[in-house]
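As a plain string of letters, each chain reads:
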Amino acid sequence: MKRIIPIIILLFCASLTSVLAQISNADREKITNQLKASQTELMSALKGLSEEQWLYKPTADAWSIAECVEHIAISEENIFAIVGMSMQSEPEAGIKDKLKFDDNMIMGFITSREEKVKTRPEFEPSQKFDGYKGSLKAFKDKRKSNLQYVKSTSDDLRNHYFEFPFGWVDSYQVIVFMSGHTQRHIAQIEEVKAASGYPL
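First things first, this report covers the structure right here in the doc.

Quick notes on the rules
Each chain has its residues counted from 1, following the order in which its sequence is written. Predicted model: local features are reported for residues with pLDDT of at least 70 only, side-chain atom pairs are reported and counted for 80 or more only, and whole-chain, interface and lining totals are derived from all residues. Side-chain calculation: all heavy atoms of the structure are included, whereas hydrogens and water are not. Numbering of helices and strands runs from the N terminus, with a helix taken as a DSSP run of H or I at least four residues long and a strand as a DSSP run of E at least two residues long. We call a residue buried when its accessible area falls under 20% of the maximum for its residue type, exposed when it is over 50%, and partly exposed in between, using a 1.4 Å probe and counting protein chains only. When checking whether two residues touch, look at their non-hydrogen atoms; a contact exists if any pair is within 4.5 Å. Computed with a 1.4 Å probe, the accessible areas rest on the Shrake-Rupley method; for each residue, only the protein chains presented here act as cover. Grid spacing is 1 Å over the protein atoms alone, the probe is 1.4 Å, and a cavity is where that probe fits but cannot get out, while a pocket is an open set with protein on both sides within 12 Å along at least five of seven lines and lining residues have an atom within 4 Å of a point. Grid points are joined across faces, edges and corners, and a volume is the space filled by probe spheres set on the points. Think of a salt bridge as a Lys or Arg side-chain nitrogen and an Asp or Glu carboxyl oxygen that are within 4 Å of each other. An arc is given here, and it is the one of the directions from the helix axis to the C-beta atoms. Two N or O atoms form a polar contact when they lie within 3.5 Å of each other; inside protein one atom must be a possible hydrogen donor and the other a possible acceptor, and for residues adjacent in sequence the pair counts only when both atoms belong to side chains. All axes here are fitted lines through C-alpha atoms, helices being fitted over the stretch that makes contact, and every angle between N-to-C directions spans 0 to 180 degrees. Orientation is classified from the angle alone, with under 35 degrees giving roughly parallel, over 145 giving roughly antiparallel, 65 to 115 giving roughly perpendicular, and any other angle giving oblique. Should the near helix be turned anticlockwise from the far one by less than a right angle, the crossing is termed left-handed; should it be turned clockwise, right-handed. Classification convention: Asp, Glu, Lys, Arg as charged; Ala, Val, Leu, Ile, Met, Phe, Trp, Tyr, Cys, Pro as nonpolar; all other residues, Gly among them, as polar. Ring pairs are drawn from Phe, Tyr and Trp, using the six-membered ring of Trp, whenever the two centres fall within 6.5 Å, and their geometry is named by plane angle: stacked under 30 degrees, edge-to-face over 60, tilted for the rest. Expected helix span is taken as 1.5 Å per residue step, with the number of steps being one fewer than the number of residues.

Here the focus is the overall build of the protein chain. Within the protein chain one finds seven helices and two strands. Evaluated residue by residue, the protein chain yields a buried proportion of 44% over its 200 residues. The long-range fraction of contacts in the protein chain, counting pairs at least 24 apart against all pairs at least 6 apart in sequence, stands at 82%. Surface summary for the protein chain: the accessible area is close to 11700 Å², and the carbon and sulfur share equals 56%.

Pasting the structure below:
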């Protein structure tokens, strides 16, 4: 009996640590709503498009709506993979002090289309998903699993980190960045639809 009691105490402490490490209910609700909202906005932007509209390119070097959606699908997978990668190592002391951006700042600059940035080669559209319907399905499937993760995870997202080219963020902010990235390219889709030669 004397041996059992310390084991019970250890198990209780481990369970308590896990609970304390979870993101707050407010953070969980906020990012869940952001992910749902950006998906809804994307579906709305794509509703009723003809194949001609999906494939239209305003200029030779511009992306079509189909290419924008493929890029969003690739990014949904690749950006979210950063979260898992960041959770594989113990938090480094002092990194929290290097965080320069709050969640709203990250959402603000990733959604802004004022500064155009060329994407990395692995994020370039390349018919990876066998056409725009495949791209859209890939996005929806991955967004569904990502939403399941944020709704249920006990990972300590606020105390694990990743360094983007613009600076350090915590793992929760990686998900904020991903959701904002979707909105950034919804805006790009709307730019394509507003082009003078866009088929009606």
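As a further point, take the layout of surface pockets. Empty space within the largest pocket amounts to approximately 1000 Å³. Lining the largest pocket are 30 residues; nearest its centre among them are Val-117, Lys-118, Thr-119, His-181 and Arg-184. Elements that contribute at least two residues to the lining of the largest pocket include exactly helix H4 (65-86), helix H5 (103-111), strand S1 (161-164) and helix H7 (171-193).

Across all of its chains, the model carries 10 salt bridges by this definition. Among the salt bridges present, the one from Asp-27 reaches Arg-158, with a minimum N-O distance of 3.0 Å. Taken together, the residues span a long stretch of sequence, with Asp-27 in helix H2 (residues 25-46) and Arg-158 in the loop between helix H6 (132-152) and S1 at a distance of 131 residues. Each member of the pair Asp-27 and Arg-158 is classed as buried. Between Asp-170 and Arg-158 there is a salt bridge, and its shortest N-O distance comes to 3.0 Å. One end of the pair, Asp-170, is in strand S2 (residues 167-170); the other, Arg-158, is in the loop between H6 and S1, with 12 residues separating them in the sequence. Across the pair, exposure class does not vary: Asp-170 and Arg-158 are buried alike.

All buried positions along H5 are accounted for by Asp-103, Ile-106, Met-107 and Ile-110. All buried residues of H5 lie within an arc of 100 degrees about the axis, which places them on one face of the element. Looking at where H5 begins, the residue whose side-chain oxygen comes 3.1 Å from the main-chain nitrogen of Asn-104 is Asp-102.

Interaxial distance between H5 and H7 falls to 8 Å at its minimum, and their mutual angle equals 30 degrees. As the angle between them shows, H5 and H7 are arranged roughly parallel. Judged by the twist between their axes, the crossing of H5 over H7 is right-handed. Counted together, Asp-103, Ile-106, Met-107, Phe-109, Ile-110 and Thr-111 of H5 and Tyr-172, Gln-173, Val-176, Phe-177, Ser-179, Gly-180, His-181, Gln-183 and Arg-184 of H7 form the full contact between these two elements. Among the residues making up the contact of H5 with H7, the classes are represented as seven nonpolar, six polar and two charged.

For the rest of this paragraph, the subject is the packing of aromatic side chains. Here the distance between the centres and the angle between the planes together describe a pair of aromatic rings. If you walk through the whole model with that rule in mind, you get 10 aromatic pairs. With a centroid separation of 4.4 Å and an interplanar angle of 15 degrees, the aromatic rings of Trp-54 and Tyr-132 are classed as stacked. Remark: Tyr-132 occurs in helix H6 and Trp-54 occurs in helix H3 (residues 51-55); sequence separation between them is 78 residues. You'll find Trp-54 and Tyr-132 in the same group, each marked buried. These aromatic residues form a ring-pair network of at least three members: Phe-101, Phe-109, Phe-162, Phe-164, Phe-166 and Phe-177.

On to H6. With 21 residues, H6 should cover 30 Å at 1.5 Å per step; its first-to-last C-alpha distance of 31 Å lies within 8% of that length. For H6, the set of buried residues is Tyr-132, Ser-135, Leu-136, Phe-139, Arg-143, Asn-146, Leu-147, Tyr-149 and Val-150. Buried residues of H6, viewed axially, fall in a sector of 155 degrees; they line one side. Across H6 from its buried face, at more than 90 degrees, point the exposed residues Lys-133, Lys-137, Lys-144 and Ser-152. Check the buried side of H6 and you find it contacts H2, H3, H4 and H7.

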